[in-house]
Amino acid sequence: MAILILDEQVISQIAAGEVVERPASVVKELVENALDAGATFVQIEVGAGGQRFIRVSDDGIGIPADEVKIAVMRHATSKLRTADDLSRIETLGFRGEALSSIAAVSRLLITTRHRDETMGMRIRLEGGQVLEASAVGAPAGTVVTVENLFFNMPARKKFLKSENTEKRLINQIVMNYAMAYPHVRFVLVHDGREIFRSPGSGQLADVVVKVFGLSQFKQMVEVDGEEIIRGRGGRIVVRGFVSEPDLNRKDRSRVILFVNGRAVQDNSLAYAVTQAYHTLLPKGRYPHAVLVISVPPDFVDVNVHPTKAEIRFEDANIAFSAVQRAVREVILGYARPAMTPRREPRWGGPVDEGRYAQMDFDFDAYEAEEATPSDYEDGPVRSRSQQPNLVDDEEMSQRPRTLPLLRVIGQIGAAYIVTEGPAGMYLIDQHGAHQRILYELLKQHIADNGTLEAFEVDTVTIDVSIAENRAVEANQSLLTQLGFIVEPFGVNVYAVRAVPEILTEGDVVTAVSHIFSVLQQTDLDTLLMHLADVAAIKRGAILTTDQMQSLVRDLERCPSPKTDPFGNTTILYLSADQLAREFGRS
Ligand SMILES: Nc1ncnc2c1ncn2[C@@H]1O[C@H](COP(=O)(O)OP(=O)(O)OP(=O)(O)O)[C@@H](O)[C@H]1O
Ligand SMILES: [Mg+2]
């Protein structure tokens, strides 16, 4: 074919494909427009999971009559003027693409009246072409109806998931916005039946009750953290609700995060939440969380992806630790159950059960498939004999000793091993120590063989951010060297086929997600450290004496046993003299 410039119609269809992936994306864009317009009431009506029609009505400011035709053109927006504005976006939209994209692939009807005008405007489009525009009487606000989505994109239409899947995605989007904007009343109607309504009371708690049900809400505690961003000014505020450790599930789908009013998928922040529970949740289990995070607009870049589901922080570490600290603070209360009375929600008196009871909304939108009993069983903790044969025992025993011979006395807090040496007591952090051991083994193995072997596992898929996607792509050979076989599996998803042996027994998804998340700024050595970290025995794992003894044996021959690879202390030593002094016997 000769090279020709595509005609405008094709260009806009291609562009539309990026923004409007499916009916749920239409709902998302229209709801965002309503919220940007300052609506206090947003109604979403959907027919046949969006394949028949989607209608979003709002009582926002409306569109001035003479701007309606412009609003549906590409790159038309009232929310952004200069490139500079991009660094301080305070609206959900800013690309000026949503309406034109939707228009390009559907029949679109907009009825709107600006608050300051007496007459409204009604405009009808098909495949992006304006068919009709006329003045009409209408209440202030906007009603957008989308019919026949993808009528001119048969390929896209064919790939739509089942009606139920689309409904579920739409429900999630609407409920997410209802939680992020508790002062806005949302109503969601599927095929004429109202299935969700948020009260618009301004209280997040009221919406969380509607979304998760009262019984789950009662197992959640309020998070209310705020800190100043050091060295820069501005604040990070982290508010919301997280589950008590007892309420957990097998995946991260209930860790719901909003940053500046936007639902975001951010592995690192989700990991921060999970980390805050560490030792308190069984291995491979995740908490429920709804966290509304506010940062200064110029601390975050929202212009990362056409659907804006991803963001980039000016300093991701600051965001990470602020979230972790805020959650940790309330969760620590549960680490000492005997000392802490059950908390009543702080958001304004006890929950009025009568008021919520009949509204209790058993919504399976958020319910992924049910956990099976085996999900609760933790894999066995690897003892020395089960430890992968990175370096054989023979060789290990010939290494020089770096610690005296230690005798295991027992374990405390499911985290520390108490041992006795010739001249005092050694308290060993099981996770850090194991991390050190594994790191040394991995390093040695790479030095000897150049690579780690790939061990096939049952394929799992992992969602990645755009940045992670790039890092995974760019570091394929490094990953292969470490024994990972991963393949692209759709947009921003990877299928994991094989992992290094030390990861075969644990939670592969968590481990690989973590490796992906650190891949961007990491060299081989640091990756080995992270590999050791995710593979090491967790704090919270109860160990048998044999397991402790073999771990201690290995530690005794590590070149630097006293810290983990990241530099944290692994051993506390209390000499016999110190003990005697403490007891006044010296
Ligand atoms: N419900 C609404 N109420 C008031 N104005 C609206 C509404 N929907 C759209 N508009 C106006 O139409 C313009 C174009 O909307 P569109 O969604 O295409 O772009 P955007 O919201 O500016 O950016 P993005 O593409 O990122 O969503 C908006 O900037 C806004 O001025
Ligand atoms: Mg928009």
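Residues numbered from 1 in each chain as written. Chains lettered and ligands numbered in written order. Predicted model: local features only at pLDDT ≥ 70, side-chain atom pairs only at ≥ 80, totals over all residues. Heavy atoms only, no water.

Looking at an unreviewed UniProt entry, one finds the protein named DNA mismatch repair protein MutL, with Phototrophicus methaneseepsis as its source organism. Within the UniProt record for the protein, the comment given under Function (unreviewed entry) is "This protein is involved in the repair of mismatches in DNA. It is required for dam-dependent methyl-directed DNA mismatch repair. May act as a 'molecular matchmaker', a protein that promotes the formation of a stable complex between two or more DNA-binding proteins in an ATP-dependent manner without itself being part of a final effector complex." (UniProt positions renumbered as here; feature names shortened; annotations may be inferred.)

### Structural notes on the confidence of the model for the protein
Considering every residue of the protein, the mean pLDDT works out to 83; 88% of them sit at 70 or more. Scored below 50 in pLDDT, residues 335-389 shows 101 contacts in the model against residues more than four places distant or in partner chains. (pLDDT = per-residue confidence, 0-100. Contact = heavy atoms within 4.5 Å.)

### A short note on unusual backbone geometry
Of note in this structure, Phe-150 is not a glycine but carries a positive phi near 65°. Mapped onto the elements of the fold, Phe-150 is located in the loop between strand E6 (141-147) and helix H5 (154-158). For Phe-150, a relative accessible area of 0% corresponds to the buried category. For Ala-414, which is not a glycine, the phi torsion comes out positive at approximately 50°. Relative to the assigned elements, Ala-414 resides in the loop between strand E18 (407-412) and strand E19 (416-421). For Ala-414, a relative accessible area of 18% puts it in the buried group. (Helix = DSSP H or I, 4+ residues; strand = E, 2+ residues; numbered from the N terminus. Buried < 20%, exposed > 50% of the residue type's maximum accessible area, 1.4 Å probe, protein only.)

### With respect to helix H18 (residues 524-535)
Relative to the 16 Å expected for 12 residues at 1.5 Å per residue, H18 spans 16 Å between its end C-alpha atoms, a close match to the ideal helical length. Of all 12 residues that make up H18, 9 are buried, and the element is covered over most of its length. Listed in full, the buried residues belonging to H18 are Leu-527, Leu-528, Met-529, His-530, Leu-531, Ala-532, Asp-533, Val-534 and Ala-535. Packing partners of the buried residues in H18 comprise helix H14 (430-449), helix H16 (476-481), strand E23 (493-500) and helix H17 (508-518). (Expected span 1.5 Å × (residues − 1).)

### Side note on the packing of helix H6 (residues 163-180) against helix H7 (residues 204-212)
Here H6 crosses H7 at 160°, and the two axes come no closer than 8 Å. Overall, the two elements H6 and H7 adopt an arrangement that is roughly antiparallel. Contacts between H6 and H7 pair Met-175, Ala-178 and Met-179 from the former with Leu-204, Val-207, Val-208 and Val-211 from the latter. In terms of residue class, the contact of H6 with H7 is made up of 7 nonpolar, no polar and no charged. (Axes fitted to C-alpha atoms, helices over the stretch in contact; angles between N-to-C directions. Parallel < 35°, antiparallel > 145°, perpendicular 65-115°, else oblique. Nonpolar A, V, L, I, M, F, W, Y, C, P; charged D, E, K, R; others polar.)

### Topic: the sheet that holds E18
Across the sheet, which stays open at both edges, the 4 strands sit in the order E18-E19-E20-E24 with antiparallel pairing between neighbours. The open sheet terminates on both sides in strands that have one partner only, identified here as E18 and strand E24 (571-575). This sheet shows a mean twist of 20° between the axes of neighbouring strands, independent of strand direction. In this sheet, strand E20 (residues 424-429) lies alongside E19 in antiparallel orientation, the contact comprising 6 bridges. From the neighbouring strand, Gly-421 faces E20, where its bridge partner is Gly-424. Running at roughly 75° to E20, H14 makes contact with E18, E19 and E20 of the sheet. This element, helix H19 (residues 545-555), spans E18, E19, E20 and E24 of the sheet and lies at about 120° to E18. (Pairing = 2+ DSSP bridges.)

### Focus: the environment of Gln-411
Checked against the element boundaries, Gln-411 lands in strand E18. In this structure the C-alpha to C-alpha distance between Gln-411 and Met-548, which are 137 residues apart in sequence, comes to 8.3 Å. Setting aside residues up to four positions removed in sequence, Gln-411 forms contacts with Tyr-416, Ile-417, Gln-430, Ala-541, Ile-542, Leu-543 and Met-548. Polar side-chain contacts of Gln-411 include one of 2.7 Å to the side chain of Gln-430. Separated by 2.9 Å, the side chain of Gln-411 and the backbone oxygen of Ala-541 make a polar contact. (Polar contact = N/O pair within 3.5 Å; in protein donor to acceptor, adjacent residues only side chain to side chain.)

### Looking at the sheet that holds strand E15 (residues 289-294)
One open sheet holds the 5 strands; their spatial order is E9-E10-E15-E12-E13, and the pairing between them is mixed. Both outer strands of the open sheet, strand E9 (220-228) and strand E13 (262-264), are each paired with one neighbouring strand and no more. Across the sheet, the mean angle separating the axes of adjacent strands is 20° when strand polarity is ignored. Examined bridge by bridge, strand E12 (residues 255-259) and E15 share 5 bridges and lie parallel to one another. Considered in E15, the bridge of Leu-257 is made with Leu-291. Where H6 meets the sheet, its contacts fall on E12, E13 and E15, and the angle it forms with E12 comes to roughly 55°. In the packing of helix H9 (residues 267-275) onto the sheet, the strands contacted are E12 and E15, and the crossing angle to E12 comes to about 125°.

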